[in-house]
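Chain and residue survey
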Amino acid sequence: YYFSKALKLSRDHNFKTIEVMCINNLGMFHWNRSEFDEALRYFFDALKMNDLDGNAKGRSIYLNNIGLIYGEKKLFDLALVNYQKAVDIKSNQLDINHLSLAGTYNNIGNIWISKNDYDKAILFLNKALKIKKSILFLKNILKPIGFMGF
C-alpha cells in the first residue's frame, strides 16, 4: 500500500499533517473494501491525532467519516451524533453555503431515510439541495460577469 509507505515516511520525518491525512486515507481504503471496523479504527486514530493540533476543519472531516462508517454498520444514532458534531463545526468554520456542509446534510438525510423518517430526511436533503443550487447558480453567473469586466 502506498498509503502505508507514505504514513511511514511522514512518521519518520515528523510530518504530522501528512501523517493524519495518510491515516484518514487508510480509513477510506478500508471503507471502500467494506472493512468497516478497520476503517473506523483509522478514522478514530485520525480524529485523535487531529485533536492534538486543534484543527477544526480536520475534526469535521473525520467526524463525518466516522458517521459514514456507523451508517454502513446500521448504527444510525451513532452516525447522526457524529454528523451533527461535524455540522456544528462546519457551521462555525465555513460559509453557510459551503459544499462540505451540503455533503454532511445529505448524509444526515440518508440516515433519516434508513430510519424511515422521511419528514426529517426531506428537511436535511432540502438543506443540501439549497446549498448546492446556490453554488451552481454562482458558478453559472460568475463567468459571464467576469467577461463583462474585460
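Preceding block: the structure.
Cut-offs used in this document
Residues numbered from 1 in each chain as written. Predicted model: local features only at pLDDT ≥ 70, side-chain atom pairs only at ≥ 80, totals over all residues. Heavy atoms only, no water. Salt bridge = Lys/Arg side-chain N within 4 Å of Asp/Glu carboxyl O. Buried < 20%, exposed > 50% of the residue type's maximum accessible area, 1.4 Å probe, protein only. 1 Å grid on protein atoms, 1.4 Å probe; cavity = no way out; pocket = protein on both sides within 12 Å on 5 of 7 lines; lining within 4 Å. Points joined across faces, edges and corners; volume = space filled by probe spheres on them. Helix = DSSP H or I, 4+ residues; strand = E, 2+ residues; numbered from the N terminus. Nonpolar A, V, L, I, M, F, W, Y, C, P; charged D, E, K, R; others polar. Lys, Arg positive; Asp, Glu negative; His and termini not counted. Polar contact = N/O pair within 3.5 Å; in protein donor to acceptor, adjacent residues only side chain to side chain. Contact = heavy atoms within 4.5 Å. Expected span 1.5 Å × (residues − 1). Patch = residues over 30% accessible without salt bridge, like charges linked within 9 Å, V, L, I, M, F, W, Y side chains within 5 Å. Areas by Shrake-Rupley, 256 points an atom, 1.4 Å probe, with all protein chains shown as cover.

The next subject is the pattern of salt bridges. Tallied over the entire structure, the rule returns ten salt bridges. The salt bridge partner of Glu-35 is Arg-33, with a shortest N-O separation of 3.2 Å. Among the residues examined, Glu-35 registers a relative accessible area of 26% and is labelled partly exposed. Classification of Arg-33 by relative accessible area gives partly exposed; the value is 47%. For Arg-59, the salt bridge identified is with Asp-51, shortest N-O distance 2.6 Å. A residue is classified by how much of its surface remains accessible, and Asp-51, at 36% relative accessible area, is partly exposed. When salt bridges with common partners are traced through the structure, they connect Arg-11, Lys-16 and Glu-19 into a single cluster.

Take a probe with the size of a water molecule and roll it over the atoms, and the empty space left behind shows itself. By volume, the largest pocket is sized at about 190 Å³. For the largest pocket, the full set of lining residues is Thr-17, Val-20, Met-21, Asn-24, Asn-50, Asp-53, Asn-55, Lys-57, Gly-58, Ile-61 and Tyr-62. Among the elements of the structure, helix 2 (16–32), helix 3 (36–53) and helix 4 (56–72) are those that each provide at least two residues to the lining of the largest pocket. Looking at the lining of the largest pocket, its residues break down into four nonpolar, five polar and two charged.

What follows is about the side chain of Lys-90. Of note, Lys-90 is situated in helix 5 (residues 76–93). For Lys-90, which is buried and forms no salt bridge, the nearest opposite charge comes from Asp-88, at a distance of 11 Å. Reaching out from Lys-90, the side chain makes a polar contact with the side chain of Ser-100 at a distance of 2.9 Å. Non-local contacts of Lys-90, meaning those with residues more than four positions away in its chain, are made with Ser-60, Asn-64, Ser-100, Leu-101 and Thr-104.

Quick reminder: α-helices carry 3.6 residues per turn. Residues three or four places apart thus point the same way. Its 16 residues give helix 6 (residues 99–114) an end-to-end C-alpha distance of 23 Å, which sits within 8% of 22 Å, the value for a rise of 1.5 Å per residue. Along helix 6, the residues classified as buried are Leu-101, Ala-102, Thr-104, Tyr-105, Asn-107, Ile-108, Gly-109, Ile-111 and Trp-112. Directly beyond the C-terminal end of helix 6, a positive phi value near 60° is found at Asn-116.

Below, the discussion takes up a nonpolar patch on the surface. Together, Phe-15, Ile-18 and Met-21 line one region of the surface with nonpolar side chains, adding up to about 280 Å² of accessible area. With respect to the helices and strands, Phe-15 occurs in the loop between helix 1 (2–12) and helix 2. Given a relative accessible area of 48%, Phe-15 falls into the partly exposed group.

Bringing the environment of Ile-89 into the picture now. Structurally, Ile-89 can be placed in helix 5. Expressed as a C-alpha distance, the spacing of Ile-89 and Lys-57, which sit 32 residues apart in the sequence, is 7.4 Å. Sequence-distant contacts of Ile-89, that is, excluding residues within four places in its chain, are made with Ala-56, Arg-59, Ser-60 and Leu-63.

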